[in-house]
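# Descriptive structure summary
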Amino acid sequence: MKQGAPAETSREKSEIKRPVAVRARDLTMDFGDGAPAVDRASFDLETGRFLTILGPSGSGKTTLLRMIAGFQKPTSGEITVNGHAVDATPPHRRSVGMVFQRLALFPHMTAAENVAFPLKMRRYDPRSVPGRVRDFLDLVKLGDYGERRINELSGGQQQRVAIARALVFEPELLLLDEPLAALDRKLREEMQLEFRRIQHELGVTTINVTHDQREALVVSDDIIVMDGGRIQQHARPVELYRMPENTFVAGFLGVSTFVAGTAFPGGLKSGDLHLSGTHAGEIAEGTPVRGAIRAEQIRIVAAPDSLATCDTAFPSRILDVIFEGERLLYVAESDRLPGVAFQVYHHDTEAFDLYEIGAQVTIGWNARDMKIFKSTA
Amino acid sequence: MTSKHTRRGVLRAGMATSGAALLSAMPAGRLLAQEPEKPSEIIVRAWGGEWVDALKAGVSDPFTEMTGIAVRHDLTEDNEIQPKVWAAVAQGRVPPIHINWDTTTNATKSALRGVTEDLSDLSNLANTTELAKPVGLDGYPLINTYGYVYVLAYRPEAFPDGPPTSWRDLLDPRFKGRIALYNDGIGFHFPAQVAGGGSLDDIPDNMEPCWNFVREIKEQNPLLGEDPDFTTWFQNDEIDAACTISTNALGAKRNGVELAWTVPEEGCKFDTDCLWIPKNLPENELYWAKQYINLALSQESQQVWLDGLGLPGVVPGLTPPAGLENDPSYPTKPEDFEHLIRISSAVQVQNESDWFARFKEIMQG
Amino acid sequence: MDALEAALDMIWPRRLARYSGWAMIAPAILLVGILVLGLVQIAEGSLHTLDRSTFLPSEEYTLANYQTIIDSTTYWRVLWRSLLGAGLTVFFTLLLALPYSYIMVRTSSATIRKSLLVVLFLPFFIGQVVRAYGILIVLGTSGAVNDVLGLFGVEPLRLLFNFPAVVFGLVQYMLPFSVLLLAPALTAIPRETETAASSLGANWLQSFWHVVIPMAKPGLVGAGLVVGTLSLTDFAMPAMLGGGSQDFIANAIYDQFFRTADQGLGAALALLLVALGSVIAGVVIAIFGAGTLGMGGRK
């Protein structure tokens, strides 16, 4: 676990500390129907950075976003944007651009009229409006589509209009409420890169909400993982992936196999098997723990000898082989760990049909790759 | 029970009820031999409220008692039944009613159109006054059954100095929006002709005086309505005076509204209502419909029916209802008619539409 | 099952299948056909004048009835009053119905929504005539409104029997119809669109004006059309609240059919009303397009 730390420090040092754009302190939203939707969320977001709030549905991520946008008043806690309390001004006076889940474009207007709308509402000099609208349509590569009506545009083009409309008045903050959720995968991935490009070009502080871990990893400078209304971890994408702070984060990003057991110096004990791993923080011996190992970090071989360099290795049997295109996913089980189905990625392009179902293999990993967390209730 | 009456019963009842000559003009033998089959009911179109109550008590109930034939009252507006009857006769269908209780003017239109049965052979016609005979028509395509006056009805408290003596009294500014007329001006045209300085002899050729007076009245923003409206308006204190048939005023008074009526010096329109039978009825139903009208012309029926309406009938010797003796709305003696204006149905039928249109033109402005 | 299908085959053989669509709309066509037949008869009737010596329609065909209408100042006035009344009714009805349906659709309180619905539907169970009587009582010289005014020392006012009273009655009568026609159009506007407008800098009024009203246009046009044509052809409100001097075309038609027995003139007036209503509806649809009314036309 200590490996990640130096990298983090060096990266921190390499960047100039930027002013904080969004500051949330102990934000709580309790609708009074059971557990709070958002529970004491606190974070800082620096100016110009792209933050993604990632979580499954019902995790409170959209509520958090709506509070930041000022559409929902928090039960308690405070939010400041560039030093000003958010709820001090009504939504239409704030400098926040938002791209909505269903885009919320105005169907009775053309693309250009949609983009000009915020400028008119914010009383921009009418002479400057057409030029500005053109610039932002160009920015989203819709220069020739200004006169089209919304229903004459494709899904991707509508996305771009929505982005241009949210950015044209140069807001202090751009909020994205899962706008890509409805798109097919190819278009979604294209738009993810577009978001990234535009955000870099304008340098606008951005908060994105999604349940798509790939999107979060691709577009973000920072990621907040939420579950059950709480912030589970706030980190850069690499850190988050490499050093999850708890089993939820470990399980939500990537494909991991979990092994329950008791803590043991340098690993965990499950049945009579000692598995090498790295403890997340101080864990006393004998504490119930769960170890998480990512699919790409498990090695799989036919002969036990080849895994001599691994800290842990044991024989297993192939339960299933799943072809995923660029790789194979093996599902393997060991007699000594009944009920644990290890998921193992195999990238060896030369030997795609290496093992068949029922084949006897050996799997193993290094101590630094298995993360061991205290079991939560 | 009434349906168990035998012919003899009818005969006895008929004889017993009066000297009424329901059957007297018919030799008994002929009646017994030829009395046609009775329908289970006959349908009489009537006006609602006190109007139908009076008819039921005076004519329909005695008729049922005597003949065993039930009487159904159809309360369709007189103006609305007219095109239905016309259409039925034109298409050779059986008309929707047996007897129409109608204004003489309206009935004259039907008579001119030739859709009414001749009623000259009714025995009780012998006992009627001149009023029963339609003017300007051959024979009896309809029979007038009573007369009525379009009086000036007023709220006494609005006239503390005594009853209005002239229709011109209504032009007083304090009656702005407080007077009511029929919405086609019916009943008002003739007194207006006099009040406007004209002569009744000029009707219909020169009615400018009438229209001038209507224009003056228009400046008073009169309410325009139909029979039921007047009662409602008096009851709800919307109006102080109205040109309306005395029966409506009497009805409102009987309902507890403080009301009086008068015939101003210019006079009031006097007109009649009548009964008639549409063509195309089956023979037997026509027979019994005629018997109904014949009964309506009997003295007892007239007495009860017209007590209810408070109107003078068409047979001599009727006793005026309480309080209406010598009342201007109940003319019986020749001098009573001095201030009443009677214009022949023929003239009315010919010109009514024009008068109506003219009145509307002024009032809808 | 087979027997059933065989029987069905007997009644409606498969080769007729492509006419099934026509069979489905046959009842509607039949109804429209009866209407057209009636119109043809009315048109025929309008070409005969009334002979007042026999009270029979004339034998020969003539346009005299139409000439009578054109020459008559009364009918022009009645026509103008009907149009003005219908126009004002549409304006005020939509003015009131829009906020009403907006609140009904948008409110987060189930109680408010239910109360608004009940208040809306209650008048539906009370006929037009009874409602007009209610207005007669409430606005009468000795009615509730004048009683209240009396408390402030105001002499009883004549609130009834004039043109504003007729328009008031019509608006009151039409409000539920227009709310029912507007509510679906407003429901179809996603709440998010309004949130978006506000995040883009529009205050509530701007968002209502620039976003809600344009997006509710199909409902507004549809409601306006229904309210307009119903008001234009209304009979009861002018008859009862107009005090006899505020006739609409329908009252004039009634008079000709039922008071002067001049069915030819009545027919001509009726045809004129049909033509007027059709022209107005046609113009509205031409301007806004059938698509606006959700009838699938191209914009």
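Keep in mind the model is a prediction, meaning the values are calculated, not measured.

Residues and elements named next belong to chain B. Residue placement: Lys-109 occurs in helix H5 (residues 104-113). Given a relative accessible area of 0%, Lys-109 falls into the buried group. Only 3.0 Å separates the side chain of Lys-109 from the side chain of Glu-352, close enough to count as a polar contact.

As a further point, take the interface of chain B and chain C. Often, the extent of an interface is quoted as the loss of accessible area upon association of its parts. With 34 residues of chain B in contact, the opposing surface of chain C contributes 31 residues. Between chain B and chain C the total buried area reaches about 2900 Å² when both faces are included, carbon and sulfur atoms providing 46% of it. Along the contact surface separating chain B from chain C lie six salt bridges. Two residues, C:Arg158 and B:Glu238, come together in a salt bridge whose shortest N-O distance is 3.4 Å.

B:Trp101, B:Tyr146, B:Phe188 and B:Trp305 are the most contacted members of the largest nonpolar core, which has 181 residues in total. Per-element accounting of this core gives the leading share, 12 residues, to helix H8 (residues 163-187) of chain C. Residues in contact with B:Trp305, not counting those within four places in the same chain, are B:Ala54, B:Leu55, B:Gly58, B:Val59, B:Trp101, B:Thr145, B:Tyr146, B:Leu275 and B:Ala296. Formed by 31 residues, the second largest nonpolar core is a distinct cluster that contains A:Ala24, A:Met67, A:Phe100 and A:Leu175.

On to unusual backbone geometry. A cis amide bond links B:Ile203 to the next residue, B:Pro204, at an omega of 5°. Along the chain, B:Pro204 falls in the loop between helix H6 (189-195) and helix H7 (208-218). Of note, A:Lys141 is a non-glycine position whose phi angle comes to about 65°, a positive value. Here the phi dihedral of B:Asn326 falls at roughly 65°; this positive angle occurs in a residue that is not glycine. The topology assignment puts B:Asn326 in the loop between helix H11 (299-309) and strand S10 (340-341). The class for B:Asn326 is exposed, based on a relative accessible area of 60%.

Residues and elements named next belong to chain B. By the secondary structure assignment, Asp-161 is in the loop between strand S4 (143-154) and strand S5 (179-182). Overall, Asp-161 belongs to the exposed group, its relative accessible area being 78%. Put simply, Asp-161 and Leu-309 are 148 residues apart on the chain and 29 Å apart in space, counted from C-alpha to C-alpha.

This paragraph deals with the confidence of the model for chain A. On average, residues of chain A score 88 in pLDDT, and 94% of them are at 70 or above. Confidence over residues 1-14 of chain A falls short of pLDDT 50; this stretch has 12 contacts with residues more than four positions distant or in other chains.

Residues and elements named next belong to chain A. With mixed pairing, six strands are arranged side by side in an open sheet as S13-S12-S11-S15-S21-S14. Sheet topology places strand S13 (273-276) and strand S14 (278-279) at the edges, where each strand pairs with a single neighbour. Both S14 and strand S21 (residues 371-374) contribute to a ladder of two bridges, which runs parallel. Directly across from Thr-278, in S21, lies its bridge partner Lys-371.

The next point concerns the packing of aromatic side chains. If you walk through the whole model with that rule in mind, you get 36 aromatic pairs over all chains. Here a set of aromatic residues connected by ring pairs shows up, and it is made of B:Trp47, B:Trp51, B:Trp101, B:Tyr146, B:Tyr148, B:Tyr150, B:Tyr182, B:Phe230, B:Trp233, B:Trp305 and C:Phe161. Stacked on the ring of B:Tyr140, the Lys or Arg B:Lys133 has its end atom at 5.2 Å from the ring centre. Lying over the aromatic face of B:Phe159, B:Arg174 brings its terminal NZ or CZ to 5.9 Å of the ring centre.

With that settled, consider the domain arrangement of chain A. Residue and element names in this part refer to chain A. Assigned domains within chain A: domain 1 (4-95 + 171-247) and domain 2 (255-374). With seven residues of domain 1 in contact, the opposing surface of domain 2 contributes six residues. Counting the surface lost from both domain 1 and domain 2, the interface buries some 620 Å², and carbon and sulfur atoms represent 56% of this. Broken down residue by residue, the surface that domain 1 buries against domain 2 is led by Tyr-241, Pro-244 and Thr-247, which jointly contribute 77%. Linking domain 1 with domain 2 are three residue pairs in polar contact (both at pLDDT 80 or more).

Next up on the list: the packing of H8(C) against helix H11 (residues 217-232) of chain C. All names here are of chain C. Closest axis-to-axis distance for the H8/H11 pair is 9 Å, and the angle between their directions is 155°. Put simply, H8 runs roughly antiparallel to H11. Pair H8 / H11 crosses with right-handed handedness. Each of Leu-170, Met-174, Ser-178, Leu-181, Leu-182 and Ala-185 in H8 lies in contact with H11, whose residues at this interface are Gly-219, Leu-220, Gly-222, Ala-223, Val-226, Val-227, Leu-230 and Ser-231.

Cut-off values and rules
Residues numbered from 1 in each chain as written. Chains lettered and ligands numbered in written order. Predicted model: local features only at pLDDT ≥ 70, side-chain atom pairs only at ≥ 80, totals over all residues. Heavy atoms only, no water. Helix = DSSP H or I, 4+ residues; strand = E, 2+ residues; numbered from the N terminus. Buried < 20%, exposed > 50% of the residue type's maximum accessible area, 1.4 Å probe, protein only. Polar contact = N/O pair within 3.5 Å; in protein donor to acceptor, adjacent residues only side chain to side chain. Contact = heavy atoms within 4.5 Å. Buried area = accessible area lost by both parts, 1.4 Å probe. Salt bridge = Lys/Arg side-chain N within 4 Å of Asp/Glu carboxyl O. Core = buried A, V, L, I, M, F, W, Y, C linked by side-chain atoms within 4.5 Å. pLDDT = per-residue confidence, 0-100. Pairing = 2+ DSSP bridges. Phe/Tyr/Trp six-rings, centres within 6.5 Å; stacked < 30°, edge-to-face > 60°. Lys NZ or Arg CZ within 6 Å of the ring centre and 35° of its normal. Domains from an automatic or database assignment. Axes fitted to C-alpha atoms, helices over the stretch in contact; angles between N-to-C directions. Parallel < 35°, antiparallel > 145°, perpendicular 65-115°, else oblique. Left-handed = near helix turned anticlockwise from the far one by under 90°.

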